[in-house]
Amino acid sequence: MDDVAGAIADPVRRRVLEMLRDDGPLSAGQIAERFAISRPAVSRHLRVLRESGLVRDELVGRQRFYDLDTTRLTPLARWLAGFDRPAGLAHHLDALETEVYRARRERRTDRPEENTA
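Just so we're clear, the structure is a prediction, and the values are computed from it rather than from any experiment.

**Student:** Mind showing me how you'd approach the layout of surface pockets here?
**Tutor:** A volume near 180 Å³ is recorded for the largest pocket. Considering the residues around the largest pocket, the lining is formed by Ile8, Arg14, Leu17, Glu18, Arg21, Leu68, Thr70 and Leu73. For the lining of the largest pocket, the leading source of residues is helix 2 (residues 11-23), giving 4 residues.

Next comes the structure, spelled out in structure tokens:
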């Protein structure tokens, strides 16, 4: 999980993952032409993504094509989901609201009827 987190820590690598998600398999050249950095720099980013298991590569003729492999993201996504406090907090607030309504209802039923005549 640490190598995946390290790989997606870089904004260029995150952008590469988004491109592969949106546009499917792309050659190294197609990826590199979308950045203002050098092709060797893009190649280094692709190597990090490949070594972390986030992308697969396939050599077709003289071109190397890269494709997204999301299976390595699952453990990280599960771990991050444990920090999703709003859902847990919402559950606690719902329970508190239920108790407030219950207490109000009990107070109303415990009061003697007032004579308004």
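**Student:** I would appreciate a short explanation of the packing of helix 2 against helix 4 (residues 39-51) in the present structure.
**Tutor:** Geometry of a packed helix pair, given as the angle between the helix axes and the separation of the axes. Where helix 2 contacts helix 4, the axes come no closer than 10 Å and their chain directions differ by 70°. Overall, the two elements helix 2 and helix 4 adopt an arrangement that is roughly perpendicular. Along the contact surface, helix 2 presents Val12, Arg13, Val16 and Leu17, while helix 4 presents His45, Leu46, Val48 and Leu49. Classifying every residue of the contact of helix 2 with helix 4 by side-chain character gives 6 nonpolar, 1 polar and 1 charged.

**Student:** Explanation requested: helix 4 in the structure shown.
**Tutor:** Since there are 3.6 residues in each turn of an α-helix, residues three or four apart along the chain are aligned in direction. Relative to the 18 Å expected for 13 residues at 1.5 Å per residue, helix 4 spans 18 Å between its end C-alpha atoms, a close match to the ideal helical length. Along helix 4, the positions that sit buried rather than exposed are Ala41, Val42, His45, Leu46 and Leu49. The arc enclosing the buried residues of helix 4, seen along the axis, measures out at 140°, which places them on a common side. Of the residues one or two after helix 4, glycine 53 is the one with positive phi, at around 85°.

**Student:** Sorry, what's going on with the sheet that holds strand 2 (residues 55-60) here?
**Tutor:** Strands pair in a sheet through their backbones, by hydrogen bonds, and they do so in one of two ways: parallel or antiparallel. With antiparallel pairing, 3 strands are arranged side by side in an open sheet as 1-3-2. A single partner strand is all that each edge strand has here, and the edge strands are strand 1 (26-27) and strand 2. With 6 bridges connecting them, strand 2 and strand 3 (residues 63-68) associate as antiparallel partners. In the strand pairing of strand 3, arginine 56 is matched with aspartate 67. Against the sheet, helix 2 touches strand 1, strand 2 and strand 3, its axis set at about 85° to strand 3. Contacts from helix 4 reach strand 2 and strand 3, with the element oriented near 115° to strand 2.

Rules used in this analysis
Counting of residues starts from 1 at the beginning of each chain's written sequence and follows it residue by residue. It should be noted that, the model being predicted, local features are given only for residues of pLDDT at least 70 and side-chain atom pairs only at 80 or more, the latter also being counted only at that level, while totals for whole chains, interfaces and linings use all residues. Derived side-chain values reflect all non-hydrogen atoms in the structure, with water molecules and hydrogen atoms excluded from consideration. A cavity, in this analysis, means grid points on a 1 Å lattice covering only the protein atoms where a 1.4 Å probe fits yet has no way out; a pocket is instead an open set bounded by protein on both sides within 12 Å along at least five of seven lines, and a residue lines either one if it has an atom within 4 Å of a point. Grid points are joined across faces, edges and corners, and a volume is the space filled by probe spheres set on the points. Helix numbers and strand numbers start at the N terminus; a helix is a DSSP run of H or I with at least 4 residues, a strand a run of E with at least 2. The angle between two axes is taken between their N-to-C directions and runs from 0 to 180 degrees, where each axis is a line fitted to C-alpha atoms and a helix contributes only its stretch in contact. For classification purposes, an angle smaller than 35 degrees is called roughly parallel, one larger than 145 roughly antiparallel, one from 65 to 115 roughly perpendicular, and anything else oblique. For this analysis, residues touch if any pair of their heavy atoms sits within 4.5 Å. Three classes are used, and their members are as follows: Ala, Val, Leu, Ile, Met, Phe, Trp, Tyr, Cys and Pro are nonpolar, Asp, Glu, Lys and Arg are charged, and the others, Gly among them, are polar. To estimate how far a helix should reach, multiply one less than its number of residues by 1.5 Å. Relative accessibility decides the category of a residue: with a 1.4 Å probe and only protein chains considered, values under 20% of the type maximum give buried, values over 50% give exposed, and everything between is partly exposed. Starting at the helix axis, one direction is taken to each C-beta atom, and the arc is that of these directions. Strand pairing is assigned whenever DSSP detects at least two bridges linking the two strands.

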